[in-house]
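What follows is the residue order along each chain.
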Amino acid sequence: MEIIPAIDLVNGQCVRLSAGDFTRQTTYDSDPVAVAQRFADAGIRRLHLVDLDGARAGQPVNLGILEAIARQTNLDIDAGGGIQTLEALTQVLDAGAAHVTAGSLAVREPATVGAWLANYGADTIFLGADFKGEHIMINAWADASTLTLAGFITNYLGAGGTTFICTDVSKDGLLQGPSLAIYKTLVQQFPAGRFIASGGVTTIADVEALAEAGMHGAIIGKAIYEGTISLPDLKPFL
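Bear in mind that the values here come from a model prediction, so they are computed numbers and not experimental data.

Asks: Break down unusual backbone geometry for me, citing the residues and quoting the values.
Replies: Glycine aside, residues mostly have negative phi angles, and peptide bonds mostly take the trans form. The phi dihedral of Asn11 is positive, around 55°, even though this residue is not glycine. In this fold, Asn11 is placed in the loop between β1 (2-10) and β2 (13-18). A residue is classified by how much of its surface remains accessible, and Asn11, at 65% relative accessible area, is exposed.

Asks: I'd like a description of the packing of aromatic side chains, backed by residues and values.
Replies: What the rule picks out here adds up to five aromatic pairs. Each ring, one from Tyr28 and one from Tyr225, has its centre 5.2 Å from the other, and the planes form 20°; the classification is stacked. Taken as a pair, Tyr28 in strand β3 (residues 21-29) and Tyr225 in helix α10 (residues 222-226) lie far apart in primary sequence, 197 residues in all. Taking 6.5 Å as the distance between ring centres and 55° as the angle between the ring planes, the aromatic pair formed by Phe190 and Phe195 counts as tilted. No difference in accessibility class separates Phe190 from Phe195, as the two residues are buried. Ring pairs connect the aromatic residues Phe152, Tyr156, Phe164, Phe190 and Phe195, which therefore count as one cluster.

Asks: Mind laying out the side chain of Asp51, listing which residues take part and the relevant values?
Replies: Relative to the helices and strands, Asp51 is located in strand β4 (residues 46-51). Buried Asp51, no salt bridge; nearest opposite-charge side chain is Arg56, N-O distance 8.7 Å. Separated by 3.3 Å, the side chain of Asp51 and the backbone nitrogen of Asp53 make a polar contact. Of the polar contacts made by the side chain of Asp51, one reaches the backbone nitrogen of Gly54; its length is 2.7 Å.

Asks: A description of the packing of helix α1 (residues 32-41) against helix α3 (residues 63-72) should follow, citing residues and the corresponding values.
Replies: Two numbers describe how α1 lies on α3: the axes approach to 9 Å, and their chain directions differ by 30°. The angle between the axes of α1 and α3 places the two elements in the roughly parallel class. At the point where α1 passes α3, the crossing takes the right-handed sense. Facing Pro32, Val33, Ala36 and Gln37 of α1, the residues of α3 in contact are Ile65, Ala68, Ile69 and Gln72.

What counts, and where the lines are drawn
Residues numbered from 1 in each chain as written. Predicted model: local features only at pLDDT ≥ 70, side-chain atom pairs only at ≥ 80, totals over all residues. Heavy atoms only, no water. Helix = DSSP H or I, 4+ residues; strand = E, 2+ residues; numbered from the N terminus. Buried < 20%, exposed > 50% of the residue type's maximum accessible area, 1.4 Å probe, protein only. Phe/Tyr/Trp six-rings, centres within 6.5 Å; stacked < 30°, edge-to-face > 60°. Lys, Arg positive; Asp, Glu negative; His and termini not counted. Salt bridge = Lys/Arg side-chain N within 4 Å of Asp/Glu carboxyl O. Polar contact = N/O pair within 3.5 Å; in protein donor to acceptor, adjacent residues only side chain to side chain. Axes fitted to C-alpha atoms, helices over the stretch in contact; angles between N-to-C directions. Parallel < 35°, antiparallel > 145°, perpendicular 65-115°, else oblique. Left-handed = near helix turned anticlockwise from the far one by under 90°. Contact = heavy atoms within 4.5 Å.

Structure follows, in structure tokens:
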């Protein structure tokens with residue numbers, strides 16, 4: 001299972017939100033490039049980079065930070081937040097992202113994201129399945145869509161997608177454990193999908209449980225910044 005630390009950006013700084021609430025924000029580091037370098041130095045190979053400013057603006061805002069991380073590390077970066085147009089997609093890939101996560105747009109404009117999958121391939125275009133309860137959340141997690149998590153995955157497997165970043169919005173940033181039962185169900189229900197768990201990962205036991213459940217990857221954010229999981233703890237998974 002791939003270990004994927006997260007860097008969430010607001011005003012160019014490394015932050016974490018609680019349950020996606022911008023009013024419950026903790027700033028951890030003013031230098032996200034240095035944070036990314038620490039991950040790389042620890043043997044981490046992947047990075048989940050979220051432009052929260054971009055998610056609210058509807059277009060990428062922190063491209064310079066993405067460029068700097070890509071230039072100064074060898075991390076394999078998946079980037080999300082505000083990628084609503086082909087121009088934005090191109091900007092993010094040109095800035096150094098290896099993968100782009102389509103979230104809200106994948107709900108609102110499935111034909112657009114389907115065309116991206118056809119043109120760029122499933123290894124470049126990831127699907128952001130941000131969910132709360134049974135439904136997919138959109139617009140920086142502010143609104144619930146009518147689409148269910150299972151329906152979203154079914155649709156995009158049919159469109160050629162393979163990799164789904166599944167974030168339980170109700171757990172994200174709260175350090176209360178991941179939605180293990182939901183992830184186990186997804187792995188069993190959709191054997192063709194590659195599922196990356198996001199939200200609530202708190203302890204190494206959580207990481208071990210996700211690996212046992214057959215998850216393709218685990219995104220770890222606040223647990224690293226708060227120290228409930230240390231980078232040395234992750235060495236057996238690297």
